[in-house]
Amino acid sequence: MHELSIAQNIIDIVFDELHNKNVLKSISINIGALSGVHKDPLIFYLDLILKENKYDKIELKIERSPAKFRCICGKEYCAQDIIEACPVCSEYKRDIIEGKECYIDNIEVKNE
Amino acid sequence: MNKKIEIKKKASVKNDLIAEEIRSLFKENNLKVINMISSPGSGKTSILEVLGKKLGKRLAVITGDVQTTLDAQRISKSGAIGIQIQTGGACHLTAEMIKNTLHQLKLDKVEYLVIENIGNLVCPSNYDLGEDIKIAVLSVTEGDEKPIKYPSLFIRANAVIINKIDLAPYVDFSFERAEKDCKKLNSDVNIFKLSCKTGMGIDSLLNFIKRIP
């Protein structure tokens, strides 16, 4: 359910970046595997908010990035399953380098 | 022709800005701040009542629920300061909600602030509330698989409290499994086994809280 407030935040940020003469065409969003954000409700709420604001046919490009860890042995590795141990030393002592965030990568606009 | 505009901003950027603002305020007042997260009924308020009896007005609790002021009343009765946020339906607290309650507190008069989040293992884990640490609470009656089933909280929690250990003989809860999974998700996590009924583990938790940098 928190996807609603995340969608609202995303739209607020996008509208801040839009200038008067620009027509919004697409929004690219990256969802980290450890972000706790689910793609489907996020798209549902983004569509809803965009339509409420009279924005139609905006393409939503959603990418999911895997979790990336750095093990204490120095190995950096990606994992889809969060409890995958280090492929080199089988350790779990690691730092999370990527995957915790949900962020807006870019928007596409048309100049009018 | 379409033009691409790079944004590269976290969806949580607005919440994070407010969280940083209140974090500075907490630091200025030497407050140790904990964001406590669990499923409903794991015993967060009971733990805070026990801490309230030990710390009195040195402890303030901002407690979130969908409805009622029952938890704030319980906290106040224990001797600590209890402030209620009623979200009316929202599944998590935000930094803005915390900021808006701070006028009810004399920040320089309290030493510890616990934000008791809405009972939910998913949504609250993503929101920075300006805290120093996150504590996850898990009770034995919920089952030992919770950490691995709800990793987004447990990878972020600095400490995990396994609560209601007095009930462990009556349920199939493997401490070994729960602790092992918590360590897999976050190798630095501190784990406390607690019973509010018997008082077991409370002193270790209290010592940990006192040592928050």
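First things first, this report covers the structure right here in the doc.

Cut-off values and rules
- Residues numbered from 1 in each chain as written.
- Chains lettered and ligands numbered in written order.
- Predicted model: local features only at pLDDT ≥ 70, side-chain atom pairs only at ≥ 80, totals over all residues.
- Heavy atoms only, no water.
- Buried < 20%, exposed > 50% of the residue type's maximum accessible area, 1.4 Å probe, protein only.
- Helix = DSSP H or I, 4+ residues; strand = E, 2+ residues; numbered from the N terminus.
- Arc of directions from axis to C-beta.
- Contact = heavy atoms within 4.5 Å.
- Salt bridge = Lys/Arg side-chain N within 4 Å of Asp/Glu carboxyl O.
- Buried area = accessible area lost by both parts, 1.4 Å probe.
- Nonpolar A, V, L, I, M, F, W, Y, C, P; charged D, E, K, R; others polar.
- Pairing = 2+ DSSP bridges.
- Axes fitted to C-alpha atoms, helices over the stretch in contact; angles between N-to-C directions.
- Phe/Tyr/Trp six-rings, centres within 6.5 Å; stacked < 30°, edge-to-face > 60°.
- Lys NZ or Arg CZ within 6 Å of the ring centre and 35° of its normal.

Focus on helix α8 (residues 202-210) of chain B
Helical geometry: 3.6 residues make up each α-helical turn, so side chains three or four residues apart lie on a common side. Residue and element names in this part refer to chain B. Every buried residue of α8 is listed here: Ile-202, Leu-205, Leu-206, Phe-208 and Ile-209. Each buried residue of α8 sits inside an arc of 160 degrees when the element is viewed along its axis, so together they form one side. Elements that come into contact with the buried residues of α8 comprise β2 (32-38), α2 (44-55), β5 (112-116), β6 (133-139), β7 (159-163) and β8 (190-193).

A few points about the pattern of salt bridges
A complete count under the given rule lists 21 salt bridges over all chains for this structure. A salt bridge links Glu-76 of chain A to Arg-70 of chain A; the shortest N-O distance between them is 3.0 Å. By relative accessible area, which is 37% here, Glu-76 of chain A ends up partly exposed. One salt bridge in this structure joins Glu-145 of chain B and Arg-177 of chain B, with 3.7 Å as the shortest N-O distance. Here Arg-177 of chain B lies in helix α7 (residues 175-185) and Glu-145 of chain B lies in the loop between β6 and α5 (146-149), a separation of 32 residues in the sequence. The class for Glu-145 of chain B is partly exposed, based on a relative accessible area of 33%. In this structure, a network of salt bridges that share partners links the residues Glu-145, Lys-149, Arg-177 and Asp-181 of chain B.

A word on the interface of chain A and chain B
With 33 residues of chain A at the contact, the number on the chain B side is 30 residues. The junction of chain A with chain B conceals about 2900 Å² of combined surface from both sides, 58% of it contributed by carbon and sulfur atoms. Three residues stand out in chain A for area buried against chain B, namely His-2, Ile-13 and Tyr-92 of chain A, and they jointly supply 17% of the buried area on that side. In this structure, the connection of chain A to chain B is made through four salt bridges. Among the elements that take part in the side of chain A that touches chain B, strand β6 (residues 102-111) of chain A stands out by supplying 10 residues, more than any other. Considered class by class, the residues forming the side of chain A that touches chain B number 14 nonpolar, eight polar and 11 charged. In this sheet, strand β1 (residues 2-10) of chain B lies alongside β6 of chain A in antiparallel orientation, the contact comprising seven bridges. Along β1 of chain B, the bridge assignment pairs Glu-108 of chain A with Lys-4 of chain B.

Side note on the sheet that holds strand β3 (residues 67-71) of chain A
Residues and elements named next belong to chain A. The three strands are arranged β4-β3-β5 in an open sheet whose pairing can be described as antiparallel. What marks the edges here is a single partner per strand, and that holds for β4 (76-79) and β5 (94-98). Direction aside, neighbouring strands of the sheet carry axes that sit 35 degrees apart on average.

Details of the packing of aromatic side chains
Remark: the centre distance and the inter-plane angle together describe each pair of aromatic rings, the angle taken between the planes. Enumeration over the complete set of coordinates arrives at five aromatic pairs over all chains. With a centroid separation of 5.4 Å and 75 degrees between ring planes, the pair formed by Phe-44 of chain A and Tyr-45 of chain A is classed as edge-to-face. Note that Arg-94 of chain A overlies the ring of Phe-69 of chain A, its terminal NZ or CZ placed 3.8 Å from the centroid. If you follow Lys-193 of chain B out to its NZ or CZ, it ends over the ring of Phe-175 of chain B, 4.9 Å from the centre.

Overview of the sheet that holds β1 of chain B
Ordered by their spatial adjacency, four strands build an open sheet running β2(A)-β1(A)-β6(A)-β1(B), and the pairing between neighbours is mixed. The sheet is open, and its two borders are formed by β2 (59-65) of chain A together with β1 of chain B, each paired with just one other strand. On average, adjacent strands in this sheet sit at an angle of 20 degrees to one another, irrespective of strand direction. As paired strands, strand β1 (residues 22-32) of chain A and β6 of chain A are joined by nine bridges and run antiparallel to one another. The residue bridging Leu-24 of chain A from the neighbouring strand is Val-109 of chain A, located in β6 of chain A.

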